[in-house]
Amino acid sequence: MRSLERIFVEANRAAVALALAAIFVIVFVNVVLRYGFGTSLAWAEETARFLMIFGALAAAGLALRKGSLVAIDMLLDILPKGLAVAVRWAGVLAMGAFMALLLWFGWLFVEFGWNKETMATQISRGIPYMAIPIGAALFLIHLLLFARRYVARDFELDEPAEEESAPLDPPAGQAR
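This write-up is about the structure you can find in this document.

Parameters and conventions
Residues numbered from 1 in each chain as written. Predicted model: local features only at pLDDT ≥ 70, side-chain atom pairs only at ≥ 80, totals over all residues. Heavy atoms only, no water. Axes fitted to C-alpha atoms, helices over the stretch in contact; angles between N-to-C directions. Helix = DSSP H or I, 4+ residues; strand = E, 2+ residues; numbered from the N terminus. Parallel < 35°, antiparallel > 145°, perpendicular 65-115°, else oblique. Left-handed = near helix turned anticlockwise from the far one by under 90°. Contact = heavy atoms within 4.5 Å. Buried < 20%, exposed > 50% of the residue type's maximum accessible area, 1.4 Å probe, protein only. Salt bridge = Lys/Arg side-chain N within 4 Å of Asp/Glu carboxyl O.

## Examining the packing of helix α1 (residues 2–37) against helix α2 (residues 44–66)
Phase 1 of the analysis: At a closest axis distance of 9 Å, the pairing of α1 and α2 adopts a crossing angle of 150°. As the angle between them shows, α1 and α2 are arranged roughly antiparallel. The way α1 lies across α2 gives a crossing that is left-handed. Counting all contacts with α1, which are made through Glu5, Val9, Asn12, Arg13, Ala15, Val16, Ala19, Ala22, Ile23, Ile26, Val27 and Asn30, the residues of α2 involved are Ala44, Thr47, Ala48, Leu51, Met52, Phe54, Gly55, Ala58, Ala59, Leu62, Arg65 and Lys66.

Take a look at the structure:
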């Protein structure tokens, strides 16, 4: 199960990285065209905006795993351990309920926009609107897989590279 979870997390990271890389390329090319050649791509701003929305929503579950979501832990730090755990489980349930609603209403929004076209790209509005239910579904999967570790505050912190974790000063008695 852990290997499937690792594959899921890496695929999510890759999707977010690809979205951000595409945004960079689109915006960079459009800036060069606009200021270097006096023209621009009509679809660039709209596409970059849609990709930014997708990237933000798709990255929310990854932020949960890193402990990067906005939280006020001061109350949890002063509560007895059992009550603090119960409050964190209540938070997990609240996040799950919110994301389930976002998934449901996001899908309704996709259906609503499916027969309408975007201004610049002339594609169905339902396509970029799909970022909402997809992002909510990704978050729910992360939450289901990570809830126990989230409550235990066992976040997935990046391990420092070998050269970064080496001591700056040699042990006493050794020359540099």
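## Some remarks on the environment of Ala59
Phase 1 of the analysis: Residue position: Ala59 is located in helix α2.
Phase 2 of the analysis: Overall, Ala59 belongs to the partly exposed group, its relative accessible area being 24%.
Phase 3 of the analysis: It is 6.4 Å that separates the C-alpha atoms of Ala59 and Val16, two residues lying 43 residues apart in sequence.

## Describing the pattern of salt bridges
Pairing is possible between side chains of opposite charge, provided their charged atoms come close.
Phase 1 of the analysis: Following the criterion strictly, the structure yields ten salt bridges and no others.
Phase 2 of the analysis: A salt bridge links Arg65 to Glu156; the nearest nitrogen and oxygen atoms lie 2.7 Å apart. Separated by 91 residues along the polypeptide, Arg65 in helix α2 and Glu156 in the loop between α6 (131–151) and α7 (162–165) bring together distant segments of the chain.
Phase 3 of the analysis: Residue class for Glu156 comes out partly exposed when judged on its relative accessible area of 24%.

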